[in-house]
Amino acid sequence: MTYHGDATLIVGEQLIEVSAHLRAYGRRDDPHWDGTLHDVPTHLIHALHDSDDRRIRLPDGQERTIWPRDVPHESEEEFTSLPISVDGLPPF
């Protein structure tokens, strides 16, 4: 199963609109999912890693806790992509 579309990245009190490419895999009774968030503002990367409140909200309102898998390199670019792992059952 996959999801490609809009999502909201929640970092503490901040809400950031991003594009998400997510995939679910594993057994039906033990699913796992991960993916990549695109259009993440580069200046938020360190705050995202330091925050205890990191979530993704899909258009249907469901939210899940996320964990960044890799720290993107410092960049002059305004936006970056962020690989993530996600907790809980996939809502798609």
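Residues numbered from 1 in each chain as written. Predicted model: local features only at pLDDT ≥ 70, side-chain atom pairs only at ≥ 80, totals over all residues. Heavy atoms only, no water.

## Structural notes on the overall build of the chain
Part 1 of the argument: Secondary structure assignment for the chain yields 1 helix and 6 strands.
Part 2 of the argument: Of the regular secondary structure in the chain, the N- to C-terminal order runs β-β-β-α-β-β-β.
Part 3 of the argument: Taking 92 residues into account, the globule formula puts the C-alpha radius of gyration at 12 Å, and the chain, at 13 Å, falls close to it.
Part 4 of the argument: Viewed in the frame of its principal axes, the chain has a C-alpha envelope of about 40 × 25 × 25 Å.
Part 5 of the argument: Residue burial in the chain is summarised as follows: out of 92 residues, 41% are buried.
Part 6 of the argument: Counted over contacts in the chain with a minimum sequence separation of 6, partners at least 24 positions apart contribute 51%.
Part 7 of the argument: Carbon and sulfur atoms make up 47% of the accessible area of the chain, which amounts to about 5,700 Å² in all. (Helix = DSSP H or I, 4+ residues; strand = E, 2+ residues; numbered from the N terminus. Rg over C-alpha atoms; globule rule 2.2 N^0.38 Å. Buried < 20%, exposed > 50% of the residue type's maximum accessible area, 1.4 Å probe, protein only. Contact = heavy atoms within 4.5 Å. Areas by Shrake-Rupley, 256 points an atom, 1.4 Å probe, with all protein chains shown as cover.)

## Section: the nonpolar core
Part 1 of the argument: Counting 21 residues, the largest nonpolar core has Leu9, Leu22, Leu37 and Ile56 as its most contacted members.
Part 2 of the argument: Within the residue set of this core, elements represented by two or more residues are β1 (2–11), β2 (14–27), β3 (30–41), α1 (45–50) and β6 (79–86).
Part 3 of the argument: It is β2 that provides the largest number of residues to this core, a total of 5 residues. (Core = buried A, V, L, I, M, F, W, Y, C linked by side-chain atoms within 4.5 Å.)

## Let's talk about the confidence of the model for the chain
Part 1 of the argument: Chain-level pLDDT for the chain is 88 on average; 95% of the residues reach the 70-or-more range.
Part 2 of the argument: Averaged pLDDT values for the elements of the chain fall to 82 in α1 and rise to 96 in β1. (pLDDT = per-residue confidence, 0-100.)

## Remarks on unusual backbone geometry
Part 1 of the argument: With a phi angle near 70°, Asp39 is a residue other than glycine that sits in the positive phi range.
Part 2 of the argument: Relative to the assigned elements, Asp39 resides in strand β3.

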